[in-house]
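# Structural features, examined
So you can see what is in the structure, the chains are spelled out below.
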Amino acid sequence: MKVLVAGGAGYIGSVTTELLLNDGHEVVVFDNLERGHREAVDKRAGFRKGDLRDKDRIFKVMSEIRPDAVMHFAAYALVPESMEKPELYFRNNVYGGINLVESMYKYDVGKIVFSSTCATYGQPEKVPITEDVAQRPTNPYGESKLMFEQTLKWYHELHGMTTVFLRYFNACGATEKFGEDHDPETHIIPIILQVALGQRKQVKIYGDDYNTPDGTCLRDYIHIVDLAQAHILALKGKVSGPFNLGTGNGYSVLEVVETAREVTGHPIPAEIAPRRPGDPAKLVAGAEKARKILKWKPQYDDLDSILQSAWNWHQKHPRGYRK
Ligand code: UDP
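Residues numbered from 1 in each chain as written. Predicted model: local features only at pLDDT ≥ 70, side-chain atom pairs only at ≥ 80, totals over all residues. Heavy atoms only, no water.

Lining the immediate environment of the ligand, one finds 14 residues, of which Ile 188, Lys 204, Arg 219, Arg 276 and Asp 279 sit closest. A distance of 2.5 Å is found between an oxygen atom of the ligand and a side-chain nitrogen or oxygen belonging to Asp 279. Compared with its free state, where it exposes 510 Å², the ligand has 90% of that area covered by protein. With three residues, strand S8 (residues 203–206) is the single largest residue contributor to the shell around the ligand. By residue class, the composition of the shell around the ligand is seven nonpolar, three polar and four charged. (Near = heavy atom within 4 Å. Polar contact = N/O pair within 3.5 Å; in protein donor to acceptor, adjacent residues only side chain to side chain. Areas by Shrake-Rupley, 256 points an atom, 1.4 Å probe, with all protein chains shown as cover. Helix = DSSP H or I, 4+ residues; strand = E, 2+ residues; numbered from the N terminus. Nonpolar A, V, L, I, M, F, W, Y, C, P; charged D, E, K, R; others polar.)

Shown next, in the form of structure tokens:
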């Protein structure tokens with residue numbers, strides 16, 4: 001298939017592009033390079049620079065490329081930033097997304113696989129979280145992703161577009177070529193690895209008074225290769241709707257720090273800090289639906305191997321994609 005990957009220069013988009021190409025698909029990446037990196041775009045892919053908030057630009061690119069399907073990763077994804085600047089999130093993630101899907105409809109592109117998030121559930125009423133759990137986001141990031149899911153749901157209902165929303169839990173890990181490089185970095189695993197590389201003195205643990213076994217937040221860490229495989233399976237299928245993507249294992253922040261100490265051999269000093277606004281206590285996936293319907297089988301279900309792959313990449317790229 002010919003696939004337009006919006007946001008293919010970002011962390012998850014870059015790895016999905018690599019795996020799509022390995023699988024024999026043709027890929028054109030559309031990215032504004034605001035937070036992504038040109039070096040993260042696989043050399044085998046085509047590239048068009050552009051911003052989804054620029055409606056004329058995405059309409060022009062869609063008319064030229066006329067892909068069979070779109071994968072959409074082009075969004076802001078930082079909970080803390082969204083709590084300070086919600087307008088960024090609604091403008092980029094919702095308005096930008098609407099431009100994308102409207103251009104698809106105009107040029108008869110009938111399928112989209114959308115990068116959604118477990119942040120759409122907010123503080124879930126039950127854990128593990130299955131797709132039927134009520135979506136009540138606790139931050140503008142999650143709300144913006146939910147609003148775009150709902151937009152897509154209506155394109156499915158009204159126009160018969162195949163619209164898949166993959167609700168990721170905590171994406172992490174790397175391939176040999178591509179890994180995680182955000183500036184500023186806010187995610188726990190790369191921050192811990194920056195401590196191991198001597199680039200930060202310590203990691204702050206945001207809150208140890210949550211209602212969890214050790215008081216720190218529980219998250220479901222899922223390898224990006226497994227996420228990318230789920231996208232490719234969704235691309236091949238005809239099913240619309242939501243799928244949770246996680247391993248079903250919840251690890252606390254303290255367990256992540258401890259495992260990283262073992263993997264890196266570095267003491268990784270940590271200090272307890274106040275809670276971070278907008279953080280739910282427990283986010284763990286019930287991902288049976290993806291296994292059953294998409295026939296998805298995650299290969300990495302332990303934190304050690306996920307951290308090891310991230311550590312390998314960070315050691316080889318201590319400054320990320322910067323030269
Ligand atoms: N976290 C932390 N220290 C940090 C960054 C994150 O304690 O420097 C915690 C955060 O509060 C959350 C978990 O680690 O409980 C995962 O956060 P991350 O930002 O990696 O992903 P999120 O769950 O927000 O998507």
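From this point on, the discussion continues.
In this section: the side chain of Thr 175. Of note, Thr 175 is situated in the loop between strand S7 (170–172) and helix H6 (188–196). A polar side-chain atom of Thr 175 sits 3.3 Å from the main-chain amide nitrogen of Lys 177.

Below, the discussion takes up the packing of aromatic side chains. Going through the model one piece at a time under the given rule, you end up with six aromatic pairs. Arranged with centres 5.6 Å apart and planes meeting at 55 degrees, the rings of Tyr 76 and Tyr 89 form a pair that is tilted. Of this pair, Tyr 76 sits in the loop between strand S4 (69–72) and helix H3 (79–84) while Tyr 89 is found in helix H4 (residues 86–106), placing the two residues 13 residues apart along the sequence. Across this residue pair, the class does not change: Tyr 76 and Tyr 89 are buried. Above the ring of Phe 243, the side-chain terminus of Lys 289 is found at 4.4 Å from the ring centroid. (Phe/Tyr/Trp six-rings, centres within 6.5 Å; stacked < 30°, edge-to-face > 60°. Buried < 20%, exposed > 50% of the residue type's maximum accessible area, 1.4 Å probe, protein only. Lys NZ or Arg CZ within 6 Å of the ring centre and 35° of its normal.)

All right, on to unusual backbone geometry then. Backbone torsion omega between Val 127 and Pro 128 reads 0 degrees, so that peptide bond is classified as cis. Checked against the element boundaries, Pro 128 lands in the loop between strand S5 (111–117) and helix H5 (140–159). In this model, Lys 295 sits at a positive phi of 60 degrees, which is unusual for a non-glycine residue. Within the element layout of this structure, Lys 295 appears in the loop between helix H9 (288–293) and helix H10 (303–316). We classify Lys 295 as exposed; its relative accessible area is 58%.

This brings us to the pattern of salt bridges. Scanning all chains against the criterion turns up 18 salt bridges. Residue Lys 55 pairs with Glu 102 through a salt bridge whose shortest N-O separation is 3.4 Å. On the criterion of sequence distance, the pair formed by Lys 55 in helix H2 (residues 55–65) and Glu 102 in helix H4 is long-range, its members being 47 residues apart. Overall, the relative accessible area of 33% leaves Lys 55 in the partly exposed class. One salt bridge connects Glu 125 with Arg 136, and the closest N-O pair in it is separated by 3.5 Å. Of this pair, Glu 125 sits in the loop between S5 and H5 while Arg 136 sits in the loop between S5 and H5, and the two are 11 residues apart along the sequence. Looking at Glu 125, the relative accessible area reads 52%, which means it is exposed. (Salt bridge = Lys/Arg side-chain N within 4 Å of Asp/Glu carboxyl O.)

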